[in-house]
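Tertiary structure, described
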Amino acid sequence: MADQTFPIGGTLDLTPPRIAKKTFLEWLLEWATTVDHKRLGLLYIVLAIVFLLVGGAEAILIRIQLAFPNNHFLAPDTFNRLFTMHGTTMVFLMGMPLVFGFANYIVPLQIGARDMAFPRLNALSFWLTAFGGLMLYYSFIGGSGLYGVGNAPDVTWWAYAPLTSRAFSPGHGVDYWALSLIITGIGTLGGAINIIATVISMRCKGMTLLRMPLFAWLMLVVSGLLLITITPLTAAQVMLTIDRYLGGHFFDTQAGGSAVVWMHFFWIFGHPEVYVLVFPAFAIANEVIPVFSRKPIFGYPAMVAASVGIAFISLGVWAHHMFTVGMTSVDNAFFVLSTELVGVPTGIKIFNWLATMWGGKIRFKTPMLFLTGFLFQFLIAGLTGIILSIAPFDWQLHNSYFVIAHFHYMLVGAIVFAVFGGLYYWYPKVTGRMMSEKLGKWHFWLMLIGFHVTFDTMHFVGLMGMPRSIYTYEADRGWAHLNMIISIGGFVQAIAVLIFAYNLFWSYYKGKEAGNDPWDAWTLEWSTASPPPVYNFAVEPEVRSRRPLWDIKHPEDPDWSYE
Amino acid sequence: MSATSLVPNQGGAAETWTLPSRGRIAMYSLIIGESAIFTIFVVAYIFYIGKSLYGPTPRQVLEIPVIATICLLSSSFTIWLSERALERNKIKAFGAFWALTLVLGVIFLVYTGIEWQDLIYHKGLTISTNLFGTTFYSLVGLHATHVVFGLIGLTTVLIFTLLGKVREEHSERIQVLALYWHFVDAVWVVVFTVVYILGR
Amino acid sequence: MNREWLRSLPRAAMGAAIATVSFLLLPSLALADGPQATPSIFAPASTPATDITHLAYFALSVVGGIFVVVGGLLTFAVIRFRDRDPNDKREPAQIYGSNQIELAWTVIPILIVVVLFLTTARMIFAIQDAPKPPSALNVTVVGHQFWWEFRYPKLGITTANELHVPLSSDKDPQPTYLKLLSADVVHSFWVPQLAGKTDVIPNHVNLTWIDPKAPGLYVGQCAQFCGVQHAHMLLRVYVDPPQQFAEWVKNEQKPAIQDPSVAAGRQVFETQACMNCHTIRGTAATGRFGPDLTHLMSRQTIASGAVPLTRANLRQWIEDPDSMKPGSLMPAMKLNDQQLDQVTDYLETLK
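Residues numbered from 1 in each chain as written. Chains lettered and ligands numbered in written order. Predicted model: local features only at pLDDT ≥ 70, side-chain atom pairs only at ≥ 80, totals over all residues.

1. With respect to the overall build of chain A
Condition: The way it works is that DSSP assigns letters per residue, a run of H or I at least four long becomes a helix, a run of E at least two long becomes a strand, and they are numbered from the N terminus. Between the two quantities, the radius of gyration covers C-alpha atoms and the globule rule is 2.2 Å times the number of residues to the power 0.38. Once C-beta atoms are placed from the backbone, each residue is buried if 20 or more other C-beta atoms lie within 10 Å of its own, exposed if 12 or fewer, and partly exposed for counts between those two. Contact between two residues is assigned when their C-beta atoms, built from the backbone, lie within 7 Å.
Per the secondary structure count, chain A includes 15 helices and 0 strands. The C-alpha radius of gyration of chain A comes to 24 Å, within 12% of the 24 Å expected for a compact globule of 563 residues. Across its three principal axes, chain A shows a C-alpha extent of roughly 70 × 55 × 40 Å. Across the 563 residues in chain A, those meeting the buried criterion constitute 67%. If you take every contact in chain A between residues at least 6 apart in sequence, the share linking residues at least 24 apart comes to 82%.

Set out below in structure tokens:
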């Protein structure tokens, strides 16, 4: 099935990409000045993987410290910096770049375009993100403050005021936090604008919005959401910087300012942000699950509606992070309702994926293994989210390890698993080689085991009263054994991720040749060479249905005669 | 490999395949994002009305900037006139109205500068004086910054016009830039209402 | 037969194992009545906490039911629809969707949401808007970096870090209403067995209440990151039967014991700037920045629960607080050994 050739507006470039001889500096300059969406997509993904490893290392250090009660492996201020950086890194330097990495590489190919709408803006957005990341990490050496040479921010990733004011955070850690995120935020805004313009204005002939692959739809919706998600954070961080440097009083409680206003502004960003992070997982699921179940996605229009619905509703739930702040009972009740409502379109998505698999012929290659893990874990994560939405229950669970377990179930169990699946799925397209199935299976099983050992257990230690953001805990609280188990699971996951990193390299040189379409898939990116030539398609494609390649492979039974 | 398209051309549907201009979509998206930033500053302003513990209040120190507002709002009209002129290839008229827009924008900024000088040196209101000062200068200053960005764009186009490089086929791009200018004006309507009417 | 099907079995087994273990572990959290060393939210001992636990059981059942159904269907699909024969290239029936099914699985979740919401809303109003009985005790809690101040305004008592409240019962309700203030940054007051947590925010007054039904020591800690020693801002709530509580109040209301044999230590205290931060009622020391020490020895721990109150610990704390709680805001006063012994002797008389 991998070698089928069919009359596609094909490629004319027969030069295998790795043979051209360049000096190292020429190669570097090419990558540094590229405006090609595929290269920028790869740069984003590489950035994300690098920061995944860095953030993962921070997590391992945290888990070593917490494996024993009253441990002295890390000093308290070091621990506080590490968990602040871990959260900030994973959200802004791993999760967000993954959105743009996948969108940049795949979307133009899927909609039959030659590049993104604004290639130079694309490059600017990437380099701003990378620079912001560098600036955040420079804080480890540049952030001179009260406690000695160099410090990174140590105020948690949500940086509540007035802890972040000059009075309580005299060093520059908070400034690095705010400024680097303002910069990456501008990059994010540029990237979102680019994706919207590309999807709206550059689809190939015949590809109406309702014939577009769901992956592209989700990238469109997430970009729209980003426009009004990242900007409140930028505004709040500018306000914080005005407070810290120009004597402003936005969050200065001594002058009548309000700490709660920061909370509102931050979570108005922070909640939709987590939906931003999960959308690529949805996008990947919408591509991988149908292909490996050998059926079209069940309920395409419902999936579009559900995605848009989730985006809209997610804008109205933010104060469920603030149930303990002392809002009125009516306010609290409202946010219980809105949060639970977001579970309805989310559930629709899960049911549609289930229905896609139902009656199919499921092939459990590595991408599908990860996406199956995604489905179970996303379900559980959503359910613990419903638990947390019940405000009185949240009055106990808020800021405990139960919350950490919930959102890591989402971020790792759903998002990272889906992303791994997507990377295994599109790696052949990007490099022309298959990743090793054997190493992939080792990666999957170790990751699954490690993930569950850590994060299933974590729910219980939260129910037993352990709060988050603590560098150590009392020995007599009864949390020690469970923390040890959690830490062990962390190491297992680390090994799994290292196997993955090794697989990435090994397969590049030794992987099986992939051909155009190794998975027998149906969207336009599989019609061009692997890797695609710089111009993507020699002739602009023209489509008549949601699965153009299915129509070609099955001329007797094309999609456009049904939907 | 043949260079034919993916599916035998069925005709009809694909003949009139026009999609919205990407520049326009991008500008709308930027405006939506910027509106969100302004909304946060406006919400902070409104929330903190009357909450300053000390220092001058809006009623004590603010005077309604009538002339500045007239200038800025009419600049939306003049830029609209210049857009229409360019569509009809009347380059001189375009240039004239465009320059007038620029001048009106500069007058607005000058009045803002005068207002701030008065507030800071004679009325004792700075960004660090109290909550009113912080929210006032942030919000009005954010708007003024966007006016500056707009003026930079307008000046660039004016220079190109004077060099004779702007023609009718650039209408679409000019309109996209004008869209930004209209946005800046619309924001001023909101800021003006909140700061000088609601807040006083 | 290929080995792909083996892949799905372990996954299904793992799913079942997780579910079983979870259900087995859950009851272990609900330990005996009364206070325990592990502050589990499933061992409530006070009305708000008990109500929350009951709501929690309901929510967990609903959510557990959804998990069993959907997870079960997923497990079934993964096993039943696996590709048994990769050599057979035929594609399965291509189903594009079904409006009726979409409607069904939209309406049913909405109904579940309505039920959960109404149950939850009722409990929110019951706890948050509960009318305050006249017999309630009023305590003002002030959160500091990194310790807790407790004031009993009507009783004229100020103490720190260890809260004493009277035992309540259905027949004779004696809830304690806590007014929460912050002196600096955002904290959060959380004693899981007694109530849900409520944040402690500067320039913002919050109210919460507890209604403890079993006597003993309940532990908790600050639940909102407040700086470097957030982890050691521990809480100890002693629920005393009425007699014991009355005795404690009476003792706390007295001014500090004046023992002439430790006059040297008192001298050190008053001249070495201790009194700038600490209050000892009945003396010249009226500092408000640190904990009230009038009845220091009636407490069992120091440094907000970080270490037990023993002579050695007390002495070391005064000598160098950073050695026990690095980053705490009490400076090392650079006393020499003699001064340290004297002031420790003095403090040990403050029963």
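2. Some thoughts on the sheet that holds strand S4 (residues 162-166) of chain C
Residue and element names in this part refer to chain C. We count it as follows: One requirement defines pairing of two strands: DSSP has to find at least two bridges between them. In this analysis an axis means a line fitted to C-alpha atoms, helices contributing only their contacting stretch, and an angle means the value between N-to-C directions, from 0 to 180 degrees.
An order of S4-S10-S9 is seen for the 3 strands of this open sheet, with the pairing classed as mixed. Strands with a single pairing partner mark the edges of an open sheet, and in this sheet they are S4 and strand S9 (216-221). Direction aside, the axes of adjacent strands within the sheet are offset by 25° on average. Where S4 meets strand S10 (residues 234-240), 5 bridges bridge the pair, whose relative direction is parallel. Bridged to Leu163 within S10 is Val237. Each of S4 and S10 is contacted by helix H4 (residues 242-253), which is oriented at about 130° to S4, the strand it contacts most.

3. Topic: the confidence of the model for chain A
What counts here: Note: pLDDT gives the predictor's confidence per residue, expressed from 0 to 100.
Residues with a pLDDT of 70 or more make up 95% of chain A, whose mean pLDDT is 94. Here residues 1-9 of chain A is modelled with pLDDT under 50, and outside its nearest four sequence neighbours on either side it reaches 20 contacts, counting other chains as well.

4. Description of unusual backbone geometry
All names here are of chain A. Here Ala161 and Pro162 are connected by a cis peptide whose omega angle stands at -5°. Relative to the helices and strands, Pro162 resides in the loop between helix H4 (119-142) and helix H5 (173-201). Following Ser530, the chain continues to Pro531 via a peptide bond in cis, the omega torsion being -5°. Relative to the helices and strands, Pro531 resides in the loop between helix H14 (480-510) and helix H15 (548-553). For Asp520, which is not glycine, the phi torsion reads 60° and is therefore positive. In this structure, Asp520 sits in the loop between H14 and H15.

5. Remarks on the interface of chain B and chain A
Interface size, as often reported, equals the accessible area lost upon joining of the parts. At the interface, 37 residues of chain B touch 46 residues of chain A. Within the residue set of the side of chain B that touches chain A, elements represented by two or more residues are helix H1 (22-47) and helix H5 (131-162) of chain B. The biggest single contributor to the side of chain B that touches chain A is H1 of chain B, with 13 residues.

6. Examining the confidence of the model for chain C
All names here are of chain C. On average, residues of chain C score 91 in pLDDT, and 91% of them are at 70 or above. Between the elements of chain C, mean pLDDT differs from a low of 55, seen in helix H1 (residues 4-29), to a high of 98, seen in strand S6 (residues 187-189). Model confidence for the complex: the whole-complex pTM is 0.93, and ipTM, which rates the interface, is 0.93.

7. Some words on the sheet that holds strand S8 (residues 206-210) of chain C
Residues and elements named next belong to chain C. The strand order S3-S2-S1-S5-S8 describes an open sheet built from 5 strands, whose pairing is mixed. Where the open sheet ends on each side, the last strands, each with one partner, are strand S3 (157-160) and S8. Taken pair by pair, the neighbouring strands of this sheet meet at an average axis angle of 25°, ignoring direction. In terms of strand pairing, strand S2 (residues 147-152) meets S3 through 4 bridges, oriented antiparallel.

8. Considerations on the environment of Cys222 of chain C
All names here are of chain C. Take Cys222: it is sitting in the loop between S9 and S10. Here the alpha-carbon distance between Cys222 and Leu235, two residues 13 residues apart in the chain, equals 7.3 Å. Among residues more than four places away in sequence, those in contact with Cys222 are His187, Ser188, His230 and Met233.

9. Quick word on the interface of chain A and chain C
For the record, the criterion: Polar here means any residue outside two lists: the nonpolar Ala, Val, Leu, Ile, Met, Phe, Trp, Tyr, Cys and Pro, and the charged Asp, Glu, Lys and Arg; Gly therefore counts as polar.
Of the residues lining the interface, 78 residues belong to chain A; the matching set on chain C comes to 81 residues. Those elements that place two or more of their residues in the side of chain A that touches chain C are helix H3 (76-110), helix H7 (259-293), helix H8 (300-314), helix H9 (329-357), helix H10 (366-389), helix H11 (391-397) and helix H13 (437-463) of chain A. Here the element with the most residues in the side of chain A that touches chain C is H9 of chain A; it accounts for 15 residues. Across the side of chain A that touches chain C, the residue classes tally to 46 nonpolar, 22 polar and 10 charged.

10. Concerning the arrangement of the chains
The interface with the highest contact count, out of 2 pairs of chains in contact, is the one between chains A and C. The least C-alpha distance between chain B and chain C, which are not in contact, is 12 Å.

11. Structural notes on the packing of H5 of chain A against H1 of chain B
Here is the rule: Small angles under 35 degrees read as roughly parallel and large ones over 145 as roughly antiparallel, with 65 to 115 read as roughly perpendicular and the rest as oblique. In this scheme the handedness of a crossing depends on how the near helix is turned from the far one: anticlockwise by less than a right angle means left-handed, clockwise means right-handed.
Across the interface, H5 of chain A lies against H1 of chain B with an axial gap of 9 Å and an inter-helix angle of 140°. In terms of axis orientation, H5 of chain A runs oblique to H1 of chain B. Here H5 of chain A runs over H1 of chain B; the crossing is right-handed. For the pair formed by H5 of chain A and H1 of chain B, the contact residues are Leu189, Ala192, Ile193, Ile196, Ala197, Ile200 and Ser201 of chain A on the first element and Arg22, Ile25, Ala26, Ser29, Leu30 and Gly33 of chain B on the second. For the contact of H5 of chain A with H1 of chain B, the class distribution of residues is 9 nonpolar, 3 polar and 1 charged.

12. Topic: the environment of Glu63 of chain B
Note on placement: Glu63 of chain B falls in the loop between helix H2 (58-61) and helix H3 (66-87). The spacing of Glu63 of chain B and Phe183 of chain B is 120 residues in sequence and 24 Å in space, taken between C-alpha atoms.

13. Here's the deal with the nonpolar core
It is characteristic of soluble globular proteins that their nonpolar side chains tend to be buried jointly. Rules: By definition, a nonpolar core groups buried Ala, Val, Leu, Ile, Met, Phe, Trp, Tyr and Cys residues that are joined through C-beta atoms within 7 Å. Note that domain bounds follow an automatic or database assignment of domains.
Counting 329 residues, the largest nonpolar core has Met219, Ala414 and Ala418 of chain A as its most contacted members. In this structure, this core is formed jointly by two domains, domain 1 (4-128) and domain 2 (260-347) of chain C, each of which donates at least three residues. Setting aside its immediate chain neighbours within four residues, Ala414 of chain A contacts Val278, Ala281, Phe374, Gln377, Phe378, Ala381 and Tyr409 of chain A.

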